[in-house]
Amino acid sequence: MYRAKNGYVGINEQVVFFTTRAGLTEEQSRAVTLKEKKSLGSTHAVIARENVASVNVANNDKCGLSIVAKGLMDDDIFLFFDSAEDQSRMLAAVREWKGGVASVEQVAPGLLARCGGQIVLTLCAIALTGLLYWLVTSPGGAPIQISGGQVAKKGALYDLATAIGPNGVLIVGGLISLALAWSAVKKSKQSFTVDVYSFS
């Protein structure tokens with residue numbers, strides 16, 4: 001098993017897998033397949049040897065590495081390491097397991113790869129601010145019926161919005177949105193390259 005910041009990676013004859021569950025035995029690790037993954041817990045990813053398309057290694061301070069599956073992105077394994085040495089060790093293990101590399105290419109990630117998450121969070125914050133503002137200022141004063149999952153959290157959010165009023169909603173929502181937008185701008189200016197090790 002290989003230790004990453006966000007979990008553990010194992011490699012056996014058939015698959016490479018990721019889990020957040022610590023303490024997997026060697027026997028459990030050897031038994032993992034695409035169909036048999038109970039021992040990995042709820043947060044896991046499994047890729048069959050023949051479905052590994054490439055390993056992408058980020059050349060930045062986060063020491064990121066992704067094991068990319070052929071087909072859907074849902075199957076990819078995203079890892080972060082404490083050091084470049086740990087990152088290199090993981091790359092070497094996958095290369096040896098796959099039996100070499102067909103090609104190596106260096107690419108520069110686009111804007112969405114660098115700060116897409118912050119852009120989405122900023123848009124969500126703006127939308128939530130607008131929704132809460134509309135709820136607080138909606139005419140008629142009819143009580144709001146809250147349903148669905150996490151009713152208590154939704155109710156608490158509505159109560160807080162009502163307590164701080166329309167101007168408070170705009171100020172707090174605006175500050176959160178600005179902070180997220182600033183984070184997106186900072187990340188968009190970071191430039192780094194990714195080494196793509198593709199397998200035939």
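The structure this text deals with has already been given above.
The following paragraphs examine the structure supplied in this document. (Residues numbered from 1 in each chain as written. Predicted model: local features only at pLDDT ≥ 70, side-chain atom pairs only at ≥ 80, totals over all residues. Heavy atoms only, no water.)

**Here's the deal with the environment of Ala181**
For the record, the criterion: Runs of E in the DSSP output that reach at least two residues are strands. Runs of H or I that reach at least four are helices, and both are numbered from the N terminus.
By the secondary structure assignment, Ala181 is in helix α4 (residues 151-188). Expressed as a C-alpha distance, the spacing of Ala181 and Asn51, which sit 130 residues apart in the sequence, is 37 Å.

**Overview of the sheet that holds strand β5 (residues 52-58)**
Hydrogen bonding along the main chain pairs the strands of a sheet, whether they run parallel or antiparallel. Our working rule: At least two bridges found by DSSP between two strands are what make those strands a pair. Simply put, an axis is a line fit to the C-alpha atoms, just over the touching stretch for a helix, and the angle between two N-to-C directions goes from 0 to 180 degrees. Residues count as neighbours in contact if any of their non-hydrogen atoms are within 4.5 Å of one another.
Spatially, 5 strands are ordered β7-β6-β5-β9-β8 in an open sheet, and the strand pairing comes out antiparallel. The outermost strands of the open sheet, each flanked by one partner alone, are β7 (77-80) and β8 (103-107). Here the average twist between neighbouring strands, direction ignored, is 15°. For β5 and strand β9 (residues 194-198), the ladder comprises 5 bridges, and the chain directions are antiparallel. Across the sheet, the residue bridging to Val57 is Asp195, located in β9. Sheet strands touched by helix α2 (residues 84-98): β5, β6 (64-69), β7 and β9. Its angle to β5, the strand with the most contacts, is close to 165°.

**Here we look at the sheet that holds strand β1 (residues 2-4)**
Taken in spatial order, the 4 strands of this open sheet run β1-β2-β3-β4, and their pairing is antiparallel. One side of each edge strand has no neighbouring strand; the edge strands of this open sheet are β1 and β4 (44-48). Here the average twist between neighbouring strands, direction ignored, is 15°. Summarising the sheet, β1 and strand β2 (residues 7-11) pair through 3 bridges and their orientation is antiparallel.

**As for α2**
To keep it simple, the criterion reads: The length a helix should cover is 1.5 Å for every residue beyond the first. Partly exposed describes any residue whose relative accessible area lies between the buried limit of under 20% and the exposed limit of over 50%, with all areas from a 1.4 Å probe on protein chains only and scaled to the type maximum. The arc in question is the one traced by the directions running from the helix axis out to the C-beta atoms.
Given a rise of 1.5 Å per residue, 15 residues ought to cover 21 Å, and the 21 Å separating the end C-alpha atoms of α2 matches this to within 8%. Of the positions making up α2, those classed as buried are Gln87, Met90, Leu91, Ala93, Val94, Trp97 and Lys98. Looking straight down α2, one finds that the buried residues subtend no more than 160° of arc, so they occupy a single side. Opposite the packed face of α2, turned more than 90 degrees from it, sit the exposed residues Glu85 and Glu96. Two residues or fewer past α2, Gly99 is found with a positive phi of approximately 85°.

**Observations regarding the pairing of β5**
Counting buried positions along β5 gives 6 out of 7 residues, so the element sits mostly inside the fold. Examined bridge by bridge, β5 and β6 share 5 bridges and lie antiparallel to one another. The residue of β6 that forms the bridge with Ser54 is Val68. Where β5 hands over to β6, the hairpin turn is made up of 5 residues, of which Cys63 adopts a positive phi near 50°.

**Quick look at the environment of Ala113**
Residue position: Ala113 is located in helix α3 (residues 111-137). Residues Ala113 and Ser188, 75 residues apart in the sequence, show an inter-C-alpha distance of 9.1 Å.

**Regarding unusual backbone geometry**
Even without being glycine, Cys63 reaches a positive phi, approximately 50°. Residue position: Cys63 is located in the loop between β5 and β6.

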